[in-house]
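# Fold and contact review
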Amino acid sequence: MRSTPRPERALEGIALAALAALASLVAACRDPYPTPRFSGAGSTAERRGGVLRVAFDTDLRTLDPAQAYDELSTAIVRHLNDTLLDYDPQTGELVPMLAERFELGADHKTYTFVLRPNLVFSDGTPLDSRAFVRSFERMLDPQKVPCPGTSFYHLIEGAEAFGEHRAPHVTGITTPDARTIVFRLTQADQTFLNAMAMPFSAPVPVDYVARVGNDEFARNPIGVGPFMLERWEAGSRVVLRRNPRYWNSSRPLLDGVVYELSLARHLQFMRFQRADLDHANDYALTTADYLSLTSQPAWRPFIERKPDIAMYGVAINCELPPFDNVHVRRALSFAIDRDAIARSRNYRIRPLGGLYPPGLPGYDPNVPGAHEYNPDRARAELREAGYRDGLPGEHDLWLTEGPAAAVYGQLLQADLSRVGIRIRLKFASFPVFLEMTQRRRAVALSYSGWNMDFPDPSNFIDTLFHSRNATEEHAQNQSFYRNPTLDALLDRARIEPDRARRIAMYQEAERIVVRDAPWAFMFTPQRIEIEQPYVHRGAYSPVYVHDQRNTWLDLPLRPFVQEARR
Amino acid sequence: MTSFILRRVLAALAIIWAVSTLTFVVTLKLGDPVATILGPRANARDRENVRRYYGLDQPTYVQYARYMGRLVKGDLGVSYRYRRPVSQLIGERFPRTMLLAVMSISFEVIVGVALGALAAARKGTRTDSAIMAGAFVTMSLPTFITGKVFLLVLAYYLGLFPIGGYGVTWLDHIYHAILPALAISLLSTAAYARLARNELVEILQAEYIRTARAKGLSEGVIVLKHALRNALLPIVTSLGLSFGALFTGAIVTESIFAWPGVGRLAFDSVSGLDVPVIVGCVIFGSFGIQLGNLLSDVAYAFLDPRIRHG
């Protein structure tokens, strides 16, 4: 017969364990890092040296610039590679990078780039115009590499025929000499230069790729960028070090960068506070972490807020009743209390009543008819649509899985029910969400968003609202909005060479979209960056926000004192 | 004995086949993998190219036949997400998972059995009560709670351990593995302690133990040499199962501690719909469980002749 401990003794043990747990919790209540641990040496001038430590909560997929499209891969690829053009950190304008200069032909369809002299990859292989074009053709060849960005280059003459293997080379790319590359487009396109600043177009040493294979190249890349790969420990860490052969001898300022991979947000924040990481951003902060940090005066000077050029809202399927009625769509948009949603996120987002977020050329803070919270008007719009007592039935709102989307979904549910629109939240994994919301006549409402590929209004409005993107499957025009007037305006704007006139056309296009409400625009995020006191980010790219080219560390470190505030 | 092992191996293979088929079918319903491969902004032509590249344009039965054909040859396919062979991905993460498994199993067996033996030897005393109550409380705590408490208190507040991650050198890896290994092993340690105690209490009342006592042997020798040996039989069985389960990595623990093992790979592959990796991890896991079961069956058969003759 088995014996068991007497009940009172068991209770005694439980009480002791509970007391011990309570004591641990009490001890844990004092935050050990109410201030930063270290300050810099006090230098105000840029200094070279040091290794920056940053972290991401995702794993790295690839280091091949032709394949990198997710945030982390792009962030690292941008440090290993340069492109012909880049964005000026101060003005956001396109400026030469690998190209020494560039010019647009009189036909507005021919672009000529002249490479800097003596460019070499980090292994010493020279980069001339022919090497560039071979690399560019590799990116456009689907049998060589599955590049997700070839559509940005489809207007290059002969690019499609080459991609379909009907031609051995892209006829629209020529190299008159070792430093000159000429691109001819089939029609004028003012966004072509933006595409030439995207990492897909970064040159890679094709002979090396052919020798080692695509898979190995994606693990051990060679580029022409400011850093080179030192090691990649799968799922754990990537270490970059300065490229001694980099064309710009004054950059980078850091000796290296360490990227911790797959480090969950709560760990990132703990490590940052303990000074095991040098930089954190809003992705590393839970709401509790954010509130804790902002409540500590010593940390506040090191928190920086910048607008993130992105838009979030509800995509409304204009093909599915009752949302094919513009009044219903407007009612939905006027029912959303954007301020309350911003408040629920501690103002880490800003209400947005139009399509273009602040920071994007064409942004108009006073766009006529901007979507705003007005439940009376929402009810009036519903009445005008013939629904005096609200919409009949329940309508599914699709969302991707995740805590933030769940919060927005619940707030939307509450707001819409107040005007008589009842919605049911339908959560799906990202692939399923994409598959369903990008399919015609499948999903009526979806909570979605758009982050810019490049700072041009066409990247938002063309992609999301041009009817050519309202395809049967994989439609980027998720609202399946079709408007021939808008299409014609966008087609004209795309080729308009005069910048001011072009922006005015895009603003006119925005007004059409705001009026017809194929989306209920909700908010634009604020980008929150937190750095240790000794980290100086310098100016960084408005597009590639993880850019560390100008970052420098004020070494040696010393214990933090309050006066060290910036 | 040979036929016994052969029977078990055949059964294990059948189970692995069934599990891999079931996983393949389930993943077909999870969404379009092309979205995982190319992201949301690729055009139709790129999507078609990728579909062809991975054979996703073929009918399901063709995809299945190709998949099983490769599997028989030991090829688990290529990850959509990383575009590398799945066996490579699992292979480079497996040693990390094994490190965690070995450390946690060592901890749970050594500490669990020691505590159980102590409780049995002091049956009915405060020590017995405290150990059993502690085991009871510990078994009620899920890993995602204990793991985070360990991180918060032992790593963040007290600074005794690193805050998650894997480290750089081998010693560093071991140092980084201590907290996750503790978190994994806590529950099993308590279970082993209870199991060992109950077995020992029963054995300590047996006739041959009474004889040993009558011969004047010390209590320590009686517990360690005569009783514990027999009490280990059910523990060996549980050990095999624990080992198998840890083969795939402890998904929750690896995620909490950012430990880059097979569990974390499985977690990421599910959220990213990386079908070949999902199926690869499931097959690898079921292989581990079958191996663990087989080892414990064989060990049991060796330890207890009634099993192999039965």
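Everything here concerns the structure above.
Model, not experiment: these values are computed from the prediction.

## Focus on the packing of helix H10 (residues 326-334) of chain A against helix H12 (residues 375-384) of chain A
Residue and element names in this part refer to chain A. Direction vectors running N to C along H10 and H12 enclose 165°, while the axes themselves pass 8 Å from each other. As the angle between them shows, H10 and H12 are arranged roughly antiparallel. Both H10 and H12 take part in a crossing whose hand is left-handed. Contact with H10, carried on its side by His 327, Arg 330, Ala 331 and Phe 334, involves Pro 375, Arg 377, Ala 378, Glu 381, Leu 382 and Glu 384 of H12 and no other residues of that element. The residue makeup of the contact of H10 with H12, split by class, is 5 nonpolar, 1 polar and 4 charged.

## Digging into the packing of helix H15 (residues 457-465) of chain A against helix H17 (residues 499-516) of chain A
All names here are of chain A. Where H15 contacts H17, the axes come no closer than 11 Å and their chain directions differ by 40°. Here H15 lies oblique to H17, going by the angle between them. For the pair H15 and H17, the crossing hand works out as left-handed. Together, Pro 457, Ser 458, Ile 461, Asp 462 and Phe 465 of H15 and Arg 502, Ile 503, Tyr 506, Ala 509, Glu 510 and Val 513 of H17 make up the contact between the two elements.

## Regarding the side chain of A:Asn81
Residue and element names in this part refer to chain A. Checked against the element boundaries, Asn 81 lands in the loop between helix H2 (71-80) and strand S3 (85-87). Residue classification places Asn 81 among the buried positions, given a relative accessible area of 5%. Among all residues touching Asn 81, those that are not within four sequence positions of it are Pro 65, Ala 202, Pro 203, Ile 222, Gly 223, Val 224, Gly 225 and Arg 549.

## Brief notes about the nonpolar core
Core analysis: the largest hydrophobic core is formed by 73 residues, its most contacted members being A:Tyr153 and A:Phe183. Counting residues per element, this core draws most heavily on H17(A), at 6 residues. Once residues lying within four places of it in the same chain are set aside, the contact partners of A:Phe183 are A:Leu84, A:Lys109, A:Thr110, A:Tyr111, A:Phe113, A:Phe132, A:Phe136, A:Ile156, A:Gly172, A:Ile173, A:Phe192 and A:Met196. Counting residues in hydrophobic clusters, the runner-up holds 33 residues, among them A:Leu263, A:Leu293, A:Ile528 and B:Phe150.

## Points about the interface of chain A and chain B
Contacts between the two partners involve 62 residues from chain A, matched on the other side by 66 residues from chain B. Counting the surface lost from both chain A and chain B, the interface buries some 5,300 Å², and carbon and sulfur atoms represent 52% of this. Put simply, chain A and chain B have 1 salt bridge between them. Residue A:Asp59 pairs with B:Arg93 through a salt bridge whose shortest N-O separation is 3.1 Å. Sorting the residues of the side of chain A that touches chain B by element identifies helix H1 (7-28), helix H7 (214-219), strand S9 (227-233), helix H8 (265-273), helix H14 (430-437) and strand S18 (445-451) of chain A as the ones contributing at least two each. It is H1(A) that contributes the most residues to the side of chain A that touches chain B, 6 residues altogether.

## Side note on the pairing of strand S11 (residues 256-260) of chain A
Residue and element names in this part refer to chain A. Within S11, 5 of the 5 residues are buried, leaving the element largely enclosed by the surrounding structure. Where strand S2 (residues 51-55) lies against S11, 5 bridges are found, and the strand directions are parallel. In the sheet register, Leu 52 faces S11, and the bridge partner there is Val 257. One ladder, built from 5 bridges, connects strand S10 (residues 237-242) with S11; its direction is antiparallel. Following the sheet pairing, Val 238 is matched in S11 by Tyr 259.

## Notes on the environment of A:Ala298
Its location among the elements puts A:Ala298 in the loop between helix H9 (287-294) and strand S13 (303-307). The spatial distance from the C-alpha of A:Ala298 to the C-alpha of A:Gly223 is 40 Å, given a sequence separation of 75 residues.

## Brief notes about the sheet that holds S2(A)
Residue and element names in this part refer to chain A. Strand order in the open sheet formed by 4 strands is S2-S11-S10-S9, and the pairing between neighbours is mixed. Sheet topology places S2 and S9 at the edges, where each strand pairs with a single neighbour. Ignoring which end each strand starts from, the neighbouring axes of this sheet average 15° apart.

## Things to note about unusual backbone geometry
Residues and elements named next belong to chain A. Here Pro 321 and Pro 322 are connected by a cis peptide whose omega angle stands at 5°. Turning to its location among the elements, Pro 322 is positioned in the loop between strand S14 (310-316) and H10. In this structure, Pro 556 follows Leu 555 across a cis peptide bond, with omega equal to 0°. One can find Pro 556 in the loop between strand S21 (552-553) and strand S22 (558-559). Within the chain, Ala 275 stands out as a residue other than glycine whose phi angle is a positive 65°. Summarising the element assignment, Ala 275 is placed in the loop between H8 and strand S12 (279-281).

## Thoughts on the pattern of salt bridges
Residues and elements named next belong to chain A. The tally for this structure, following the rule as stated, stands at 48 salt bridges over all chains. Between Arg 502 and Asp 456 there is a salt bridge, and its shortest N-O distance comes to 2.9 Å. Note that Arg 502 is positioned in helix H17 and Asp 456 in the loop between S18 and H15, a separation of 46 residues in sequence. Taken individually, Arg 502 and Asp 456 each receive the classification buried, so the pair is uniform in this respect. Note that Asp 547 and Arg 549 form a salt bridge whose closest N and O atoms lie 3.3 Å from each other. The class for Arg 549 is buried, based on a relative accessible area of 7%.

## Quick notes on the sheet that holds strand S5 (residues 99-104) of chain A
All names here are of chain A. Strands sit in the order S5-S6-S8-S7 across an open sheet of 4 strands; the sheet is antiparallel. Taken across any chain shown, the strands that pair with only one partner, and hence form the sheet edges, are S5 and strand S7 (173-177). Pairs of neighbouring strands in the sheet enclose a mean axial angle of 20°, with direction left out of account. Contacts from helix H3 (residues 129-140) reach strand S6 (110-115), S7 and strand S8 (180-184), with the element oriented near 170° to S7.

## Things to note about the pairing of S18(A)
Side chains on a regular strand alternate between the two faces of the sheet. All names here are of chain A. Extensive coverage of S18 is indicated by the burial of 5 of its 7 residues. Where S14 lies against S18, 7 bridges are found, and the strand directions are antiparallel. If you follow Ile 316 over to S18, its bridge partner there is Leu 445. Where strand S16 (residues 394-400) lies against S18, 2 bridges are found, and the strand directions are parallel.

## Section: the packing of aromatic side chains
Enumeration over the complete set of coordinates arrives at 27 aromatic pairs over all chains. Centroid distance A:Phe102 to A:Phe113: 6.0 Å. Interplanar angle 25°. Geometry classified as stacked. Of the two residues, A:Phe102 sits in strand S5 while A:Phe113 sits in strand S6, which places them 11 residues apart along the sequence. Ring geometry for A:Phe152 and A:Phe200: centres 6.2 Å apart, planes at 20°, overall stacked. Of this pair, A:Phe152 sits in the loop between H3 and helix H4 (159-163) while A:Phe200 sits in the loop between helix H5 (192-195) and helix H6 (206-212), and the two are 48 residues apart along the sequence. Three or more aromatic residues joined by ring pairs form one cluster here, namely A:Phe102, A:Tyr111, A:Phe113, A:Phe132, A:Phe136, A:Tyr153, A:Phe183 and A:Phe192. One Lys or Arg, A:Arg537, reaches over the ring of A:Tyr540 and ends 3.9 Å from the middle of that ring. Its end group placed over the ring of B:Tyr82, B:Arg93 keeps NZ or CZ at 5.8 Å from the ring centre.

## A closer look at a nonpolar patch on the surface
Residue and element names in this part refer to chain B. A cluster of nonpolar side chains, namely Leu 141, Phe 144, Ile 145, Val 149, Ile 251, Val 252 and Phe 267, defines an oily patch on the protein surface of about 580 Å² accessible area. When residues of the nonpolar patch are traced back to their parent elements, those giving at least two are helix H7 (143-157) and helix H11 (251-256). Of the residues forming the nonpolar patch, the biggest block, 3 residues, is contributed by H7. Mapped onto the elements of the fold, Val 252 is located in helix H11. On the basis of relative accessibility, which here comes to 42%, the residue Val 252 falls in the partly exposed class.

## A few points about empty space enclosed by the protein
All names here are of chain A. Per the counting criterion, the structure on display carries 10 cavities of 30 Å³ or more. Taken as a whole, the largest cavity spans an internal volume of roughly 70 Å³. In terms of lining, the largest cavity is formed by Val 54, Ala 55, Phe 56, Tyr 259, His 279, Ala 280, Asn 281, His 546 and Gln 548. Broken down by secondary-structure element, the contributors of at least two residues to the lining of the largest cavity are S2 and S12.

What counts as what
- Residues numbered from 1 in each chain as written.
- Chains lettered and ligands numbered in written order.
- Predicted model: local features only at pLDDT ≥ 70, side-chain atom pairs only at ≥ 80, totals over all residues.
- Heavy atoms only, no water.
- Axes fitted to C-alpha atoms, helices over the stretch in contact; angles between N-to-C directions.
- Helix = DSSP H or I, 4+ residues; strand = E, 2+ residues; numbered from the N terminus.
- Parallel < 35°, antiparallel > 145°, perpendicular 65-115°, else oblique.
- Left-handed = near helix turned anticlockwise from the far one by under 90°.
- Contact = heavy atoms within 4.5 Å.
- Nonpolar A, V, L, I, M, F, W, Y, C, P; charged D, E, K, R; others polar.
- Buried < 20%, exposed > 50% of the residue type's maximum accessible area, 1.4 Å probe, protein only.
- Core = buried A, V, L, I, M, F, W, Y, C linked by side-chain atoms within 4.5 Å.
- Buried area = accessible area lost by both parts, 1.4 Å probe.
- Salt bridge = Lys/Arg side-chain N within 4 Å of Asp/Glu carboxyl O.
- Pairing = 2+ DSSP bridges.
- Phe/Tyr/Trp six-rings, centres within 6.5 Å; stacked < 30°, edge-to-face > 60°.
- Lys NZ or Arg CZ within 6 Å of the ring centre and 35° of its normal.
- Patch = residues over 30% accessible without salt bridge, like charges linked within 9 Å, V, L, I, M, F, W, Y side chains within 5 Å.
- Areas by Shrake-Rupley, 256 points an atom, 1.4 Å probe, with all protein chains shown as cover.
- 1 Å grid on protein atoms, 1.4 Å probe; cavity = no way out; pocket = protein on both sides within 12 Å on 5 of 7 lines; lining within 4 Å.
- Points joined across faces, edges and corners; volume = space filled by probe spheres on them.

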